[in-house]
Amino acid sequence: TLQSSIGQVTLDSYVMNASGPRCSSAEELHLIGRSNAAAIVTKSCTILPREGNAEPRYRDLELGAIQSMGLPNLGYNAYLDLVPELLEHNKPVVVSISGLSLADNETMVKAFDGSDASLLEVNFSCPNIAGKPQTAYDFEQVENSLTRLCSLTDKPLGIKLAPYFDMSHFDSMAEILNRFPIAFISTINSIGNTLIIDPQTERAVIKPKGGFGGLCGQYVKPIGLANVHAFRQRLRDDIDIVGVGGIYNGTDAFEYALAGASAVQVATSFQQQGEGCFQRINDELAALLEAKGYASIKEVIGQLKAF
Ligand code: DHB
């Protein structure tokens, strides 16, 4: 069985969409609801509706994608209105919140606390708003934000982290997170501010921010696995980890389970292949578990072997 849970919320399978692609409109969210995805995750919302950054702002690459979308979304009130009808799909609804300030996040956490959303994921790692640093790289701001936000809701609250690349950063961030009543982390977000150059046109492949954008897909899987595993070794047992980054198939999902992920989210593969990816990855994972003699995904989570 692929049954798992995040923050005491039961998931019927191991794979859901990541906040990002194909989850902004009512139509897109209902399509996820009708798919085999374990949950419906909404596009990160802001207080006001946003059109996002100038185009071209997304480019498929050989091993993934680069994007600088700029938080195009309907504004949080639209997602508040959508929660009840999305819950009719009988799976958890995960609302992603990405305020442009702490005050914005406070407003939205309060608002969704008053909704029937199953889980709240506060995004501390959007790299694509010019002039707004990624909160996840400012440890003091993470601590301040959690002090405020955790007091505003009894719902399972999680945060979406940016990738870290130094063991001391895993240590420091885990030490902070362990002091708060958070239910989960989702890691990783795209690798921020990378640059892909087209030698033919002699330009960057996307326009916003002079071409700097978030790197996604197969390029980032080793970084995602490292972040999941490093945090699994450091966080309280009751803080679940949602693995994200370069999951295209059942084997990728299995590797994230070994590293310590209680569930995974899929962005680039969903963007590139559509909602059929959830059934396919879940099926491939189930077949792999059976071939390896595991009765359930829970037997695998966090069981990476040592040499
Ligand atoms: C966007 C990109 C991200 O990686 C993120 O976490 C939030 C928003 C975006 O550009 O829309």
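Okay, so let's go over this structure. (Residues numbered from 1 in each chain as written. Predicted model: local features only at pLDDT ≥ 70, side-chain atom pairs only at ≥ 80, totals over all residues. Heavy atoms only, no water.)

**Examining the pairing of strand S9 (residues 157-160)**
Line of reasoning, step 1. Burial of the side chains of S9 extends over both faces: Leu 157 and Ile 159 are buried on one face and Gly 158 and Lys 160 on the other.
Line of reasoning, step 2. Relative to S9, strand S8 (residues 119-123) runs parallel, the two sharing four bridges. From the neighbouring strand, Asn 123 faces S9, where its bridge partner is Lys 160.
Line of reasoning, step 3. On the question of chirality, the crossover connecting S8 to the parallel S9 by way of helix H4 (residues 139-149) is right-handed.
Line of reasoning, step 4. Bridge analysis of S9 against strand S10 (residues 184-187) gives three bridges, and the strand direction is parallel. Bridge assignment links Gly 158 to a residue of S10, and that residue is Phe 184.
Line of reasoning, step 5. Running through helix H5 (residues 167-177), the crossover from S9 to the neighbouring parallel element S10 is right-handed. (Buried < 20%, exposed > 50% of the residue type's maximum accessible area, 1.4 Å probe, protein only. Helix = DSSP H or I, 4+ residues; strand = E, 2+ residues; numbered from the N terminus. Pairing = 2+ DSSP bridges. Right-handed = clockwise from strand over helix to strand, strands pointing away.)

**Notes on a nonpolar patch on the surface**
Line of reasoning, step 1. Side chains of Leu 195, Ile 197 and Phe 212 sit close together on the surface and give an oily, nonpolar patch of about 280 Å² of accessible area.
Line of reasoning, step 2. For Ile 197, the location among the structural elements is in strand S12 (residues 197-198).
Line of reasoning, step 3. For Ile 197, a relative accessible area of 54% puts it in the exposed group. (Patch = residues over 30% accessible without salt bridge, like charges linked within 9 Å, V, L, I, M, F, W, Y side chains within 5 Å. Areas by Shrake-Rupley, 256 points an atom, 1.4 Å probe, with all protein chains shown as cover. Salt bridge = Lys/Arg side-chain N within 4 Å of Asp/Glu carboxyl O.)

**Thoughts on the environment of Pro 84**
Line of reasoning, step 1. Looking at where Pro 84 falls in the secondary structure, it is placed in helix H2 (residues 76-87).
Line of reasoning, step 2. Linking Pro 84 and Asp 116, residues 32 residues apart in sequence, is a C-alpha distance of 7.0 Å.

**Here's the deal with the packing of aromatic side chains**
Line of reasoning, step 1. With the rule as written, the count across this model stands at eight aromatic pairs.
Line of reasoning, step 2. Aromatic pair Tyr 76 and Phe 112: ring centres 6.4 Å apart, planes at 65°, arrangement edge-to-face. Of the two residues, Tyr 76 sits in helix H2 while Phe 112 sits in helix H3 (residues 102-113), which places them 36 residues apart along the sequence.
Line of reasoning, step 3. According to the relative accessible area criterion, Tyr 76 is buried, its value standing at 13%.
Line of reasoning, step 4. When the centroid spacing of 6.4 Å and the interplanar angle of 80° are considered together, the rings of Tyr 164 and Phe 170 count as edge-to-face.
Line of reasoning, step 5. Given a relative accessible area of 2%, Tyr 164 falls into the buried group. (Phe/Tyr/Trp six-rings, centres within 6.5 Å; stacked < 30°, edge-to-face > 60°.)

**Re the site of the ligand**
Line of reasoning, step 1. Close to the ligand lie 13 residues; Lys 43, Gly 70, Leu 71, Asn 128 and Asn 189 are nearest.
Line of reasoning, step 2. Here an oxygen atom of the ligand sits 2.6 Å away from a polar atom, N or O, in the main chain of Leu 71.
Line of reasoning, step 3. Within the side chain of Asn 128, a nitrogen or oxygen atom sits 2.8 Å from an oxygen atom of the ligand. (Near = heavy atom within 4 Å. Polar contact = N/O pair within 3.5 Å; in protein donor to acceptor, adjacent residues only side chain to side chain.)

**Regarding the side chain of Glu 106**
Line of reasoning, step 1. Note on placement: Glu 106 falls in helix H3.
Line of reasoning, step 2. At a separation of 3.0 Å, a polar atom in the side chain of Glu 106 contacts the side chain of Arg 148.
Line of reasoning, step 3. Among residues more than four places away in sequence, those in contact with Glu 106 are Arg 148, Leu 149 and Leu 152. (Contact = heavy atoms within 4.5 Å.)

**As for the sheet that holds strand S5 (residues 58-61)**
Line of reasoning, step 1. With antiparallel pairing, the four strands of this open sheet are ordered in space as S5-S6-S14-S11. What marks the edges here is a single partner per strand, and that holds for S5 and strand S11 (191-195). Each strand of the sheet is rotated relative to its neighbour by a mean of 35°, with strand direction disregarded.
Line of reasoning, step 2. Across three bridges, the pairing between S11 and strand S14 (residues 212-217) is antiparallel. (Axes fitted to C-alpha atoms, helices over the stretch in contact; angles between N-to-C directions.)

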